[in-house]
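These are the residues of each chain, in order.
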Amino acid sequence: MSEFLLALDDVLYYPILIIVLLAAGLYFTFTTGFVQFRWLRQSIRVIMEKPEKEGSISSFQALMVSTASRVGTGNIIGISTALCLGGFGSVFWMWAIAMIGSATAFIESTLAQVYKRKDANGDSYGGPAYYIETALHNKTLAIAFAIALIVTYAGGFNLLASYNLQSTFSVYGFYDKATPWIIGGLLAVMVGYCVMGGGKRIVHVTGTLVPIMGVLYVLLSLAIILMHLDMIPSVLGAVFADAFNFQKILGGISASCLM
């Protein structure tokens, strides 16, 4: 299984995924007239808008649901992967790819809004599978995408996130063979509570936890910066000096794709 996955990864991750995501980001950036920069102020403003219908999901809550899947597995593991692959220069290219990828994120979100549907209770639902079916008129591809997403989140993504969480406790003396089972059981109960409550409960939980998580993440980052303040000029110098090394470019791009 390991050999099969590595062989598949060598084809899909390098170079197909990198080429497709980078090309899509550049295409959407130019065709929208650099929308991620033109509408930056507007995008910040609408975060605090209240929903028109009472009980609906606010812009802030939608942002928190989205952020919940990024802070952690992407921001921590993705960046550490980039630094291992490409060194200091990869940081510059993660900044660049994040700006380019913002256009892709804008298009995805816009399509989800345009092609969303209403259920019997008047609540909205949608996403890529729905606009693939409706806009591309390809139900087979939409079903394939939905199945791939279920497999990814039910298996791969949750396995990675839960493994990383429990492995952080391995440095402590109380960690033994039972610890992963206990942590896994607690995670299963908490996730089950969220999922069984439907979309609104997921939004409510992430709307409460993610701001706390985000603030702690930023505070920890600032603490690390302040503790090594004397190194910042040399670090920034190394980032820009290394940025145009070919290996660093690939390292930054590959980590951005992971995120």
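Quick summary incoming for the structure in this document. Since the model is a prediction, treat every value here as computed from it, not as a measurement.

The rules behind the values
- Residues numbered from 1 in each chain as written.
- Predicted model: local features only at pLDDT ≥ 70, side-chain atom pairs only at ≥ 80, totals over all residues.
- Heavy atoms only, no water.
- Helix = DSSP H or I, 4+ residues; strand = E, 2+ residues; numbered from the N terminus.
- Phe/Tyr/Trp six-rings, centres within 6.5 Å; stacked < 30°, edge-to-face > 60°.
- Buried < 20%, exposed > 50% of the residue type's maximum accessible area, 1.4 Å probe, protein only.
- Lys NZ or Arg CZ within 6 Å of the ring centre and 35° of its normal.

### Digging into unusual backbone geometry
Unlike most non-glycine residues, Phe34 shows phi in positive territory, near 60°. With respect to the helices and strands, the residue Phe34 is situated in the loop between α1 (2-31) and α2 (35-38). Located in the positive-phi region is His137, a residue other than glycine, with phi close to 55°. Structurally, His137 is set in the loop between α7 (128-135) and α8 (139-167).

### Structural notes on the packing of aromatic side chains
Summed over the entire model, instances satisfying the criterion amount to ten aromatic pairs. Look at Trp39 and Phe106: their rings are 5.7 Å apart centre to centre, the planes differ by 80°, and that puts the pair in the edge-to-face class. In this pair, Trp39 is assigned in the loop between α2 and α3 (40-46) and Phe106 in helix α6 (residues 89-114), connecting sequence segments 67 residues apart. A centroid spacing of 6.4 Å and a plane angle of 55° characterise the contact between Phe169 and Phe174, whose relative ring orientation is tilted. Judged by its relative accessible area of 29%, Phe169 is partly exposed. With relative accessibility at 52%, the residue Phe174 sits in the exposed group. Among the aromatic residues, ring-to-ring pairing joins Phe30, Phe34 and Phe37 into one connected group. It is Arg201 that lies over the ring of Tyr193; its NZ or CZ is 4.2 Å from the centre.

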